[in-house]
Each structure stands twice: as structure tokens, then as C-alpha cells.
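One-letter residues, chain by chain:
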Amino acid sequence: MKLNKQLKKQIDLAVKASFNNGKLNEKKALEFLKLFKQLPEAIQALSLYKKGLERELNKTTLVVESATPLSQGEIKKISDKMKSLYTIYSIHHTINPGLLGGLRVKIGDEILDDSLEAKIKEIRSAIII
Amino acid sequence: MEKILSDFGVNPLLLAAQTANFLVLLFILKRFLYKPLLKVLEERKEKIEQSLKQAEEIQETLTKTEEEKEKKLAEATTEARGLIEEATKNANQIIAQAHTKASKDIEEMLKKGQEQIKQERLQMQQELRGELGDIVALAMEKVTGKVLTEKDQKELIAKTVKDL
């Protein structure tokens, strides 16, 4: 079943209402979940709401990727630097050996890639063009 | 008078009879011979005259026809010459056009060929670059993992943190 425009708009509003200054209001989110559960298009509505929440959460979640493990001090340094530029409520650190070296930092749609993988890709692109 | 006639041996009665005979004969000849003969001659003369006239007319017509024929022949010759000249001119024009078109076609074909060669060369260069890029990237990825020490990794991270 396809969602109508009106419902999509309401889900968008519910997503925005689920956050207070960029922070997730869990109580409100639960209320909206219960509400959408009762709809005939519950699966689609809940899926859309979840995607909206993830999108909004990503805006305030700092994802740090590195080729080798980072110390707590290094993660703190990164988070402090990023907090001066963005609103950050949570931090995720993942190890990705594919980066070969350096860091890749993501927040929302922003990506700051200073990894060796990205540099090699740049060199490859420079050769191809 | 009678003496003179008698001296010459002329019998007046005989003379009168002979004169009368002569006149009768003259009348008969005139009536039955000269007149039809003259008529036939006259008719023949007329016929000859008519024939001559017709011959003249025929001659005249013949001359006229001949003149007309000459005139038409001259006209036809002039016209034929004109047609030949025009045909030659047209043929020359067609040949010239064909030459121009052929030259243009050849030029276009050459241009297309050159363009195609250029495109193919560019494509080959692009493919070569792509392959070279892949080889370089792969080599760098392989080498980097082995060459970088833990210290290098830390330094890289520190530099990135500094640049944030």
C-alpha cells in the first residue's frame, strides 16, 4: 500500500516533533510509534518514521572511521573539534582497514575524508582525467 | 475579149464551170476538212499551252518547296547546333557538379575518418589511463598496508585531527 501525501507530511512533522533542539525525545517518539501502529498503512508509516528518525539522528551523530583503533584521547580530540562546528549528541567509532590510514569523519550529510584510501582515489582520478 | 480568150484557148463556159467546181470544192474542204483540222490543232495548242503552264506551275512549286526545304534544313541545323551546344554545356555542368560532389564527399569521408580515429585514440587513451589509474591505486593500496607502521598511522591521525 502506498502512503498518501497528507500522511507523509504528517510523518515528517512527527519526526521533527520527536526532537528537542536536535536531541531525540524518546517519550514522544514512543507515542508516535503507537499512533502509527494503529494505521492501516502501519508498516509503511513506521518504516518512513524510522527513516526520518535516523536521518535526524545522523545530523547529530558523529561517525569516526579509522584504519587502526583510536585511543579515548584521540576520539575526544576529534569530538571536541567537531563540536565547535556542529551540534553533536552521540559519537560512533568504527575500524575500517580499507581506509589504509588517516580518518574519515561523518556527520549528517557532511563527510570529511582524510584517509589514505581517499587520497589514492584522488590520485587515480587525476590519472584518469 | 472573146478573141483574146479564143487565142489563149480558154473556153469561157468551161472556165465558169471550173470556177464553180473550184468554189464548191473549196467550200467542201473548208467545211469538212479545214475546220475540224484547225479545231483539233487549236485544241492541241491549248492543251500544250495548258501543259506548259502546269509545268511552269509545278516548276515554281518545286522551286518553292526546294527553298522551303533548304530554309527548314538550315533552321533544323541551327536548332540542332543549339541543342548540341546546350547538351554539351549541360553535360559539362553535370560533370563539374559530379566532380564537386565527389570532392566534397571524399573530403567529408576523410574528415569523418579522421574524427573517428581521433575519437578512438581518445577512447584508447582514456582506457589506458583508467587501467593505469587502477594499477597505480592497487599498487599503492598494497604497498601502503605493508609500509605504514603503527607510528605512521598515529602521525597520520594526529595530522588529520589537527587539520579538522
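Residues numbered from 1 in each chain as written. Chains lettered and ligands numbered in written order. Predicted model: local features only at pLDDT ≥ 70, side-chain atom pairs only at ≥ 80, totals over all residues. Heavy atoms only, no water.

### Considerations on the overall build of chain A
Logical step 1: Of the regular secondary structure elements, chain A holds five helices and six strands.
Logical step 2: Helices and strands in chain A line up, N terminus first, as α-β-β-α-α-β-α-β-β-β-α.
Logical step 3: Counting the 129 residues in chain A, one finds 35% classified as buried.
Logical step 4: Counting contacts in chain A only where the partners sit at least 6 residues apart, residues at least 24 apart contribute 60% of the total.
Logical step 5: Just so you have it, chain A exposes about 8,300 Å², and 56% of that area is on carbon and sulfur atoms. (Helix = DSSP H or I, 4+ residues; strand = E, 2+ residues; numbered from the N terminus. Buried < 20%, exposed > 50% of the residue type's maximum accessible area, 1.4 Å probe, protein only. Contact = heavy atoms within 4.5 Å. Areas by Shrake-Rupley, 256 points an atom, 1.4 Å probe, with all protein chains shown as cover.)

### Comments concerning the sheet that holds strand β5 (residues 103-107) of chain A
Residue and element names in this part refer to chain A.
Logical step 1: The strand order across the open sheet built from four strands is β4-β3-β5-β6, with neighbouring strands paired in mixed fashion. Two strands lie at the open edges of the sheet, namely β4 (90-95) and β6 (110-113), each paired on one side alone. Neighbour-to-neighbour, the strand axes of the sheet open up by a mean angle of 15°, direction not taken into account.
Logical step 2: Note that strand β3 (residues 61-66) and β4 share six bridges and pair parallel. By the bridge assignment, Ser66 is partnered in β4 with Ile95. (Pairing = 2+ DSSP bridges. Axes fitted to C-alpha atoms, helices over the stretch in contact; angles between N-to-C directions.)

### Describing the interface of chain A and chain B
Logical step 1: Every contact between the two is made by 24 residues of chain A and, on the other side, 20 residues of chain B.
Logical step 2: Surface buried jointly by chain A and chain B totals about 2,000 Å² across both partners, of which 69% is contributed by carbon and sulfur atoms.
Logical step 3: Counting the surface chain A buries against chain B, the share from its top three residues, A:Leu100, A:Ile120 and A:Ile127, is 25%.
Logical step 4: In this structure, the connection of chain A to chain B is made through two salt bridges.
Logical step 5: Ionic pairing is found between B:Lys154 and A:Glu74, a salt bridge with its closest N-O pair at 3.3 Å. (Buried area = accessible area lost by both parts, 1.4 Å probe. Salt bridge = Lys/Arg side-chain N within 4 Å of Asp/Glu carboxyl O.)

### Some words on the packing of aromatic side chains
Residue and element names in this part refer to chain A.
Logical step 1: The tally for this structure, following the rule as stated, stands at three aromatic pairs over all chains.
Logical step 2: With a centroid separation of 6.3 Å and an interplanar angle of 20°, the aromatic rings of Phe32 and Phe36 are classed as stacked. Taken together, the residues span about one helical turn, with Phe32 and Phe36 both in helix α2 (residues 26-37) at a distance of four residues. We note that Phe32, like Phe36, is buried.
Logical step 3: Ring pairs connect the aromatic residues Phe32, Phe36 and Tyr49, which therefore count as one cluster. (Phe/Tyr/Trp six-rings, centres within 6.5 Å; stacked < 30°, edge-to-face > 60°.)

### Examining the packing of helix α1 (residues 5-17) of chain A against α2(A)
Residue and element names in this part refer to chain A.
Logical step 1: Two elements in contact, α1 and α2, have axes whose closest approach is 9 Å; the angle formed by their N-to-C orientations is 160°. When the interaxial angle is binned, α1 and α2 end up roughly antiparallel. The two elements α1 and α2 cross, and the hand of that crossing is left-handed. Here Ile11, Ala14 and Ala17 of α1 come into contact with α2, specifically with Lys28, Phe32 and Phe36.
Logical step 2: Within the contact of α1 with α2, the residues separate by chemical class into five nonpolar, no polar and one charged. (Parallel < 35°, antiparallel > 145°, perpendicular 65-115°, else oblique. Left-handed = near helix turned anticlockwise from the far one by under 90°. Nonpolar A, V, L, I, M, F, W, Y, C, P; charged D, E, K, R; others polar.)

### Some words on unusual backbone geometry
Logical step 1: Here the phi dihedral of A:Leu100 falls at roughly 70°; this positive angle occurs in a residue that is not glycine.
Logical step 2: Tracing the chain through its elements places A:Leu100 in the loop between β4 and β5.

### Things to note about the pairing of β6(A)
Logical step 1: Inspection of the sheet shows β5(A) paired to β6(A) by four bridges, in the antiparallel sense. If you follow A:Val105 over to β6(A), its bridge partner there is A:Leu112.

### Concerning the side chain of A:Glu56
Logical step 1: Tracing the chain through its elements places A:Glu56 in helix α3 (residues 42-59).
Logical step 2: If sequence neighbours within four positions are ignored, A:Glu56 has contacts with A:Val15 and A:Phe19.

### Things to note about the confidence of the model for chain B
Residue and element names in this part refer to chain B.
Logical step 1: Model confidence for chain B is summarised by a mean pLDDT of 92, while 100% of its residues fall at 70 or above.
Logical step 2: When the elements of chain B are averaged for pLDDT, helix α1 (residues 2-7) gives the smallest value, 78, and helix α2 (residues 12-147) the largest, 93.
Logical step 3: Note on the complex model: pTM 0.54, ipTM 0.71. (pLDDT = per-residue confidence, 0-100.)

### A word on a negative patch on the surface
All names here are of chain B.
Logical step 1: Where like charges cluster on the molecular surface, the negative patch consists of Glu42, Glu43, Glu46 and Glu49.
Logical step 2: Tracing the backbone through its elements, the reader meets Glu46 in helix α2.
Logical step 3: A relative accessible area of 47% means that Glu46 is categorised as partly exposed. (Patch = residues over 30% accessible without salt bridge, like charges linked within 9 Å, V, L, I, M, F, W, Y side chains within 5 Å. Lys, Arg positive; Asp, Glu negative; His and termini not counted. Charge placed at Lys NZ, Arg CZ, Asp CG, Glu CD.)

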